[in-house]
Each structure stands twice: as structure tokens, then as C-alpha cells.
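Residue-level listing of the chains:
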Amino acid sequence: MATNMLQHITAGNPRALVKPVFYTTIANLVGLLPFVLLVEAIRLIFVPFVNPGTLIDLTRLWWGCGAMGVAVLLLFVAEIPAYRTQFRGASSAAAEGRSRLAEHLRKLSLGFLNKRDPGDLANMMMGDYTMVEHGISHLVPQMFGALIMPVLALAGLSFLDWRMAAALFAAFPIAIVLVLLTSGIQRKLGASHMRAKIDAGNRLQEFLHGIRVIKAYNLTGERFVRLEQSFKQLMRHSIRIEGMLGPIILSAIAFIRAGLTLMVVVGVNLVLGGSLDLLTFVTFLIIGTRIFDPMTTALVSYAEFRYHEQAGERIVDLLKEPIMPGEQEPPNNSKLELHQVTFGYLEKAVLKDVSISFENDAFTALVGPSGSGKSTILRLLARFYDPNEGTVRMGGEDISKMDPEALLRKVSMVFQDVYLFQDTIANNIRFGNIDASQQMIEDAAKQACCHEFIIKLPNGYDTLVGEGGSTLSGGEKQRISIARAMLKDAPIVMLDEATASLDPENEEEIQKAINRLIRGKTVIAIAHRLKTIQKANRIIVLNEGQIVEQGRHGELLALGGLYARMWSLQQETSGWGISSKQG
Ligand SMILES: Nc1ncnc2c1ncn2[C@@H]1O[C@H](COP(=O)(O)OP(=O)(O)OP(=O)(O)O)[C@@H](O)[C@H]1O
């Protein structure tokens, strides 16, 4: 159980505790020296009062004072590595842990990630790791350190007088049992507090992401109320957790104090009865009052520890989530196939027993009504998901046995919804090939028809792009993503409605860029506007997750089926426009 607790509080990296705990323990042991010397000094001063006629041993007292000075210096020296390892160790463990978690998230299937709230994951990455950091830097070393003094004091004092030692520590086990017994309540409260925190984080993220829609539709009141409610809920949980834990900790502290009182009562009785000398009684009084603080610290740290442990446990659980399996390198032949594939994101099947083979170096287009499963096919081919039934194959081999990252190296994707990172334009293009030189980046940009607009920007290729590419137009972002794909130069290109929703000028530029990108590649393209795929080698028509027609443009028109209907509908609507003339 203790191993589990240490695993959790460190988010699966208990080795991060070794140095902080070791050096803090050393510092705490050195910290006992001035205290021991103080006890000795007081005993020396009290000798004439206990044994009338004897003098204070001044030489010993002066030596003691000198030793105390040295001990204070030693303590300072011992605290330096303790301090350094606590903070450095915790910060680097959190930084490494965050990277490890990010790497793990990247390797998880999209199916798993879709089920998790992005706010929950963001909170885990930042908030939970901050708690883990605090656990490593403060809570665990503090708890260990704080326990040293009472444990050593118990051993030393029992040697001096076991009756007094028993009285002093009698209530300590009760305090510990109280804290341990209530740890179940602490866990429950901690979990609901955590949920409220995640919910507030999600609401805040939703509010910030949707701020344009909120302004445009004047939803300020309604959305703000949701946000406000989640903050209030969090406040209620915070008050509840403090309200419940406070009395428990205070009661535990009261028990420790009671031990001190009991010791005084027992001591007075023993002194009056003549079975305890005054010097020993004074020693107990000094030590008794000094160990009260560390014992309290250890208890408070433990209660806090239990709360922070839950944050680490959430991370450990997520790290246990299995990543997409597969280690095989993809074959040289990159011909893709869906073989009797059935797939659904949830229970309902989105693709039903679909078989398609995508010929090498051919242009295959996927068309069909909205929701017919076109994008799902691309996601399965890129192995964002594995099918429920059937296989997806590359070069005749099952891709579920292949390393997902190696597989993706063979694929360039251009989506309609382009995401650019908050970085320079050059670096955004460089994602296609991180080793690319500036010249290669510019060549790719020229090919993708975006060099001209980039050099007109204030800092050219070094211009920073806002998060998600918010400082660029849709067409500009699209061309940058094509330059990225160009630089990657993968044998398979997947296009998802790359030219939809663009103005004619942008569309022409992008079409030009795409034509260069797909030259000599295996292309799989989704298109809503059928005129862009008239020259495709094969057009697959999907409806409700099944292939209903396939062939070349002319063949499909001749069939007079779904494709022909979609075509004539688009021919009719292509002349539509918004007119300002009234009936
Ligand atoms: N992540 C998801 N979770 C659950 N259902 C999903 C998810 N993505 C898509 N779907 C559902 O799967 C079905 C097929 O979606 P898909 O995106 O493949 O269709 P599409 O043909 O590409 O549609 P469109 O042309 O509108 O983009 C739809 O009913 C959609 O609601």
C-alpha cells in the first residue's frame, strides 16, 4: 500500500523522491544537533538547583556554546543540497512527467481520446502535475523529516524515563489512527473536488474557445451563467473539503497537545512522589514542547498527501492506458486496401462491410452524402482507429500490426480544417520534415503558392502565427498546410475537402498547389464538389456506410444513380447567388 501511495504521489516516478528525502532527512538529523546541545546546556545550568552546593561547569557550557555555533553552520550546509534536490528534483520530475504523458497521449487511439474531455486532459497535464511537484518537493520530504524528531525523541526519552515517554506519546497513535480512519472521507471529498475543478476548467475552456460565437449570437448571459455556476460549484466543494478536513486535523492536533498535558500531570506526580528527579522532568518539558511542531507538520502533510496522491493516481491510470499496438515497419509497396471493414465510433456501425482497394499512383475519390463515412475511411487508412471487423492493409499486410508512427510517415494529409501551431510560419511548414533547410521550406512554399504572401508579412517566414492559425485567412492556412505536405513528400496523399468553402481566387491557387502535391503519388481525396474530381481514376460513391457505386466520372453519369443525381444537383446550384433585388 505504501509503495502504491509513493507511486501515486510521484505519478509513477518514486525514484524522484530518493534524493529529496535523503537530503531532507540528513538536514533534519543535523537539525537535531543544536537541540541536543540546548538540552545539555539547560541541564548544566540546572545542576546547582537540583544538587545544591555544586557549581555550573562553565568550561563545558562554553564548549557547548561553541559546538552550537558549529552545529548551526553545519545545518546551513546540510540544508543547501536538501533545498536544491527538493526543488530541482520536483521540477525536473514534473517536466519529464508532462513530456512522458504528452508522448503517451500522442500514441493513444483517437477513439480513447475522443471519450475524454480536453479540459480534463489539460488539467491533468498542468494542475495534477503541479500537485505531484508539490508532493515531491514538500509533502513527502516534510513528512519524513518531521517524523524523525518524534521517533528519535521517543527512543531517547524512553531511555531516560519510560513512564514520562509513554505519557508524552500516549495520544500520538490516537491522532494517527484518527487521520488514517478518515482518509476514506478525504478521498471521497478529494475526488468530488477534483471533478468540480475539471468541470470548471472545461466550462472555462468552452467559454474561451467559443468566445466568437458567444459574441456573435449574444449568448454572453446564458454561457456566462454556466461558467459562473461551475465556479460556484467548485467553491462549494472547496469549502466542503476544508470544512470536513479542518476539524479532523484540529482534533488530531488536540490529541497531541493532550499528550503534552498528560506528561506534565504524570511528571508532577512522579516528582512529588520522589521517583523522578527535577532535571529529567525539565528535560522532558523542553523536548515535549519542541516535538509538538514536527508532529503537527507530519499530520497535516499526511492529510494533504492523500489529496495530492489522487492527482498522481489519475496520471498513473492514464499512463496505464494501452497505446495502439504494432511494431512492424510498413512495407515498401504502399497499396492500401479496406477488406470487409465494419467500424463504428460508438455502438452504431458507420461503415458496413466495406472493401476498397486504392491502386498505387492512382487518384481515387470518395464522394457521398454528408455522414456517409468518407472521412471515417481516411481515418481508418491512417490508423487513427482500428476497425471493429475486417482489416485495413498496406502492401497486402494488416496495418494493425504496424507501428502507427511509421505508417503515418508514408502519408501526407491536407484537411479542410487546417490547424497551425503558435509558432513561426517557417516552423509550421517544417513540421513536414524537421530536418528541412530554409531553402527547402521556401521551395515547398513556392510550390504551394504561398511564398508570395509570406514574404509580404512583416517578418516573412519568421512571422508568428496565432494559436490555430487565427491570424491568417482560411486560404492562406490551407496553402501553408499544402507546403507542409509538399515538404513531407510522402507516397500517399489524403485530401479531405481541401478546396471547399474557399473563394474562386483562393480555390484556383490551391488547386494549382494540390496538382503539384499529388503528382506521381497515390491520392485518396474526399470531395463534395464533383467538378474537382472529374479526372479521378476511380470514384467511390458511399451512402450510409456502404459503397453504392464506383467507376470513372463518365461511367457513373451513365449509370444514372446517386452520383448522377448529385452531379445534376450541383450543376443546377452552381448558378445560384445571393441577389439584392426584391421579388
Ligand atoms: N468522433 C466521432 N464520434 C462519434 N461519431 C462520429 C465521430 N466522427 C464521425 N462520427 C459519425 O460517423 C458518421 C460518418 O462520419 P464521417 O465524418 O465519416 O462522414 P462524412 O461522409 O465524411 O461526412 P461529411 O461529408 O459531412 O464530412 C456520421 O454519422 C458522424 O456523425
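These figures come from a predicted structure and were not determined experimentally.

It is worth spelling out the overall build of the protein at this point. If you tally the helices and strands in the protein, you get 20 helices and ten strands. Over its C-alpha trace the protein gives a radius of gyration of 35 Å, far above what one expects of a compact globule, namely 25 Å for 583 residues. Its C-alpha atoms give the protein principal-axis dimensions of about 125 × 55 × 45 Å. Taking all 583 residues of the protein together, the buried fraction comes to 35%. Long-range pairs, those at least 24 residues apart, make up 79% of the contacts in the protein between residues at least 6 apart in sequence.

The positions that UniProt labels "transmembrane region" (unreviewed entry) are, in the present scheme, residues 21–49, 61–78, 139–160, 166–185 and 262–287. End C-alpha to end C-alpha, residues 21–49 measures 42 Å, and it is 100% helix and 0% strand. Spanning residues 262–287, this segment combines 85% helix with 0% strand, and its end C-alpha atoms are found 14 Å apart.

One non-glycine residue, glutamine 340, adopts positive backbone phi at about 45°. On the secondary structure map, glutamine 340 appears in strand 1 (residues 336–343). Non-glycine residue cysteine 449 carries a positive phi angle of around 60°. Within the secondary structure layout, cysteine 449 lies in the loop between helix 15 (438–447) and helix 16 (451–455).

Next up on the list: the site of the ligand. In the region of the ligand, the neighbouring residues are Asn114, Tyr345, Leu346, Val350, Gly368, Ser370, Gly371, Ser372, Gly373, Lys374, Ser375 and Thr376. Ranked by the residues each element gives to the shell around the ligand, the list is headed by helix 12 (residues 374–381), at three residues.

Time to look at the sheet that holds strand 5 (residues 397–398). Reading across from one edge, 2-1-4-5 is the order of the four strands in this open sheet, with antiparallel pairing throughout. Strands with a single pairing partner mark the edges of an open sheet, and in this sheet they are strand 2 (351–358) and strand 5. Where strand 1 and strand 4 (residues 389–394) come together, five bridges link them in antiparallel fashion. Looking across to strand 4, one finds that leucine 336 is bridged to methionine 394. Sheet strands in contact with helix 12 are strand 1, strand 2 and strand 4, and its direction is about 115° off that of strand 1.

Quick look at helix 15 now. Of all the residues in helix 15, the buried ones are Ile441, Ala444 and Ala445. One side of helix 15 carries all its buried residues, which in axial view fall inside an arc of 100°. On its buried face, helix 15 sits against helix 14 (425–430), helix 16 and helix 17 (474–488). Looking one or two places after helix 15, you find cysteine 449, whose phi comes out positive at around 60°.

This brings us to the nonpolar core. Formed by 68 residues in total, the largest nonpolar core has its most connected members in Ile482, Ala483 and Met494. A per-element tally of this core places helix 17 first, with six residues. Apart from the residues lying within four places of it in its own chain, the contact partners of alanine 483 are Ile429, Ala444, Ala445, Ala448 and Cys450.

All right, on to the sheet that holds strand 9 (residues 538–543) then. Reading across the sheet, the six strands line up as 6-7-8-3-9-10 and stay open at both edges, with mixed pairing between neighbours. With partners counted over all chains shown, the strands left at the sheet margins are strand 6 (411–415) and strand 10 (546–551), one partner each. Sheet twist, expressed as the mean angle between neighbouring strand axes with direction ignored, is 15°. Of the strand pairs in this sheet, strand 3 (residues 363–367) and strand 8 (residues 522–526) are connected by four bridges, and their pairing is parallel.

Attention shifts here to the domain arrangement of the protein. Per the domain assignment, the segments of the protein are domain 1 (2–320) and domain 2 (336–572). Just the C-alpha atoms count here: the centres of domain 1 and domain 2 sit 54 Å apart.

On to the packing of helix 5 (residues 118–160) against helix 8 (residues 183–209). Relative to each other, helix 5 and helix 8 sit at 115°, their axes nearing to 8 Å. With respect to each other, helix 5 and helix 8 are oriented roughly perpendicular. As for the relative orientation of helix 5 and helix 8, their crossing is right-handed in sense. Residues Pro118, Gly119, Asp120, Ala122, Asn123 and Gly127 of helix 5 lie in contact with helix 8, whose contacting residues are Lys197, Ile198, Gly201, Asn202 and Gln205.

Across its 15 residues, helix 17 extends 21 Å between first and last C-alpha, which sits within 8% of the 21 Å expected from 1.5 Å per residue. Across the 15 residues of helix 17, 14 count as buried, placing the element largely inside the fold. Looking one or two residues beyond helix 17, the residue adopting positive phi is aspartate 489, at roughly 50°.

Burial within strand 8 is extensive, with five of its five residues counted as buried. Burial along strand 8 is two-sided: Thr522, Ile524 and Ile526 and Val523 and Ala525, pointing in opposite directions, are all buried.

When two helices pack together, their arrangement is captured by the angle between the axes and the distance separating the axes. In contact at an axis separation of 8 Å, helix 15 and helix 17 are set at 125° when each is read in the N-to-C sense. Taken together, the axes of helix 15 and helix 17 lie oblique to each other. Handedness of the crossing formed by helix 15 with helix 17: right-handed. Contact residues: helix 15 offers Met440, Ile441, Ala444, Ala445 and Gln447, while helix 17 offers Ala483, Met486 and Leu487. Along the lines of polarity and charge, the residues of the contact of helix 15 with helix 17 split into seven nonpolar, one polar and no charged.

Time to look at the confidence of the model for the protein. On average, residues of the protein score 85 in pLDDT, and 94% of them reach the 70 mark or higher. Contacts of residues 577–583 to residues separated by more than four positions or lying in other chains number zero contacts, the stretch itself having pLDDT below 50. The ipTM assigned to the predicted complex is 0.97, against a pTM of 0.73.

Within the fold, glutamate 321 resides in the loop between helix 11 (278–320) and strand 1. Here the alpha-carbon distance between glutamate 321 and serine 109, two residues 212 residues apart in the chain, equals 10.0 Å. Excluding anything up to four places from it in sequence, glutamate 321 contacts Leu108 and Phe112.

Calculation criteria
- Residues numbered from 1 in each chain as written.
- Predicted model: local features only at pLDDT ≥ 70, side-chain atom pairs only at ≥ 80, totals over all residues.
- Helix = DSSP H or I, 4+ residues; strand = E, 2+ residues; numbered from the N terminus.
- Rg over C-alpha atoms; globule rule 2.2 N^0.38 Å.
- Buried ≥ 20, exposed ≤ 12 C-beta atoms within 10 Å, placed from the backbone.
- Contact = placed C-beta atoms within 7 Å.
- UniProt positions renumbered as here; feature names shortened; annotations may be inferred.
- Near = placed C-beta within 6 Å.
- Pairing = 2+ DSSP bridges.
- Axes fitted to C-alpha atoms, helices over the stretch in contact; angles between N-to-C directions.
- Arc of directions from axis to C-beta.
- Core = buried A, V, L, I, M, F, W, Y, C linked by C-beta atoms within 7 Å.
- Domains from an automatic or database assignment.
- Parallel < 35°, antiparallel > 145°, perpendicular 65-115°, else oblique.
- Left-handed = near helix turned anticlockwise from the far one by under 90°.
- Expected span 1.5 Å × (residues − 1).
- Nonpolar A, V, L, I, M, F, W, Y, C, P; charged D, E, K, R; others polar.
- pLDDT = per-residue confidence, 0-100.

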